[in-house]
Structures are given as C-alpha cells and as structure tokens.
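Remarks on the overall topology
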Amino acid sequence: MDEAELIKRSQKGDLDSFNRLVEAYQGYIYNLTLRMLGRRDAADDATQEAFISAYRNMGKFRGGNFKIWLYRIASNVCHDQWRKAKKEASISLDELVLNSERSLTNGRESPEEYALRRELGREIQKGLETLPQDQRMAVVLSDVQGLSYEETAQVLHCPVGTVRSRLSRGRANLRDFLLKKRELLPGNLRHYK
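Please read all numbers here as calculations on a predicted model, not as lab measurements.

Thoughts on the overall build of the protein
Broken down by element type, the protein carries nine helices and zero strands. For the protein, the sequential pattern of α-helices and β-strands runs α-α-α-α-α-α-α-α-α. The 193 residues of the protein split such that 42% are buried. Counting only contacts in the protein whose residues sit at least 6 apart along the sequence, the fraction spanning at least 24 positions is 64%. Summed over all atoms, the accessible surface of the protein reaches about 10,800 Å², with 48% contributed by carbon and sulfur.

What follows is the structure, given as structure tokens:
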C-alpha cells in the first residue's frame, strides 16, 4: 500500500494504517527530537507525543509532504518542552554521535580515529546546545536532517529568507565554537581562520 492510501485510511481512523506510517517515519522524528532535546528519555517522550498529536490531527492534514507535516508537529513538541523546562537540555552526545551507526567502529578506522570522531561529535553537540533555539532548529533540520531551505521554512512556519538567515548565523556560531577545538577537527580544517 502506498503512502497516500495509508494516509487516507488513517484519516478514517484506521490505526493499522497509521502504525505503518509511524514505522516509516519514527526514525526521522526520533532523530530530530534527540538532536533538539539531547536526551533519549526526552526524545522518546517527544516522539511519542508527536505521533499521538499527528494521529489526533490526521483529519487536518490537507495533502502535501507528510514528512514535513510530521517534522512541524515534532518541532512544535520540542518547543513546548523547551518552554516547560525553561532551561537548556543536557545532551548525551555519546548516543547521538553513533545513533545511526549502531556499532563501535566502522571497521576502517583506528581506535584513535574512532575516539577523535566520538569526541568531535560531542563537541558538535555542545556547539549545537549553545545556539539559540531558532538557529539550532534550522541547523538540525537543514544540515542534519537534510531538508531543503523550502522544507525547513515549511516546518518552521517562516519565510525561506529567515531560514537562510538563521542558518547563516547558526553555522557561523557553530564554526566559531568548533574552531576553539581545532585539535579535534579533520586536518584540512585545523588551519581554517
């Protein structure tokens, strides 16, 4: 069954069809919430909350890109959690760096390279944590999740120009943060000014 049919059936209350949509998109949504909130428990809760909200609001989905619609819901859930917490999340970067790899090493790197990659991943996450929420969300959606500027603008409910501005500032702030840790950067970036 294709996505359009699953959506149509889900809008009529078919839980099995909705569960198939969840299976297709849960990795994307979990990855977004984990990078935004930084803790597995918070990401688990936010992902679950996003899908519950999506199920309750399936009737409001009017077509278009379903993945973007889900990202928008998850983005709103993250913003709600930030408002509730009123503090920055503490990030467990060990989980983030290898989230998609699920293995200790990829078999092609030395233990030293592995350790440096993990440490760089921790520093990248720390750098993301220093960004204002609007910049962090734009950077994660565009640079980590791989959304286009237009798709990121749809998720964030803002013009493409605003996305570009947030990305530019966020990337510059992240670059400045990482340049303080030059020893962790790949050789070709260590001398970047």
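Describing the nonpolar core
In this structure, Leu32, Phe66, Trp69, Leu70, Tyr71, Met137 and Leu141 are the most contacted members of the largest nonpolar core, which totals 44 residues. Among the elements that take part in this core, helix α4 (residues 66-85) stands out by supplying ten residues, more than any other.

Thoughts on unusual backbone geometry
Positive phi is not limited to glycine here, since histidine 157 has a value of about 55°. By the secondary structure assignment, histidine 157 is in the loop between α8 (149-156) and α9 (160-179).

Points about the pattern of salt bridges
One pass over the full model with this rule turns up seven salt bridges. Its salt-bridge partner being aspartate 134, residue arginine 166 comes within 3.6 Å of it at the nearest N-O pair. Of the two residues, arginine 166 sits in helix α9 while aspartate 134 sits in helix α7 (residues 133-144), which places them 32 residues apart along the sequence. Relative accessible area serves as the criterion here: at 19%, arginine 166 is assigned to the buried category.

Re the environment of glutamate 3
Among the secondary structure elements, glutamate 3 is positioned in helix α1 (residues 3-11). A C-alpha to C-alpha distance of 9.1 Å links glutamate 3 and arginine 20, two positions 17 residues apart in sequence. Excluding its chain neighbours within four sequence positions, the residues that come into contact with glutamate 3 are Leu21, Tyr25 and Phe66.

Here's the deal with the packing of aromatic side chains
Applying the stated rule across the entire model yields six aromatic pairs. Through successive ring pairs, a cluster of aromatic residues spans Tyr25, Tyr28, Phe61, Phe66 and Trp69. Here the guanidinium or amino end of lysine 67 rests over the ring plane of tyrosine 28, the centre of that ring lying 3.9 Å away.

The rules behind the values
Residues numbered from 1 in each chain as written. Predicted model: local features only at pLDDT ≥ 70, side-chain atom pairs only at ≥ 80, totals over all residues. Heavy atoms only, no water. Helix = DSSP H or I, 4+ residues; strand = E, 2+ residues; numbered from the N terminus. Buried < 20%, exposed > 50% of the residue type's maximum accessible area, 1.4 Å probe, protein only. Contact = heavy atoms within 4.5 Å. Areas by Shrake-Rupley, 256 points an atom, 1.4 Å probe, with all protein chains shown as cover. Core = buried A, V, L, I, M, F, W, Y, C linked by side-chain atoms within 4.5 Å. Salt bridge = Lys/Arg side-chain N within 4 Å of Asp/Glu carboxyl O. Phe/Tyr/Trp six-rings, centres within 6.5 Å; stacked < 30°, edge-to-face > 60°. Lys NZ or Arg CZ within 6 Å of the ring centre and 35° of its normal.

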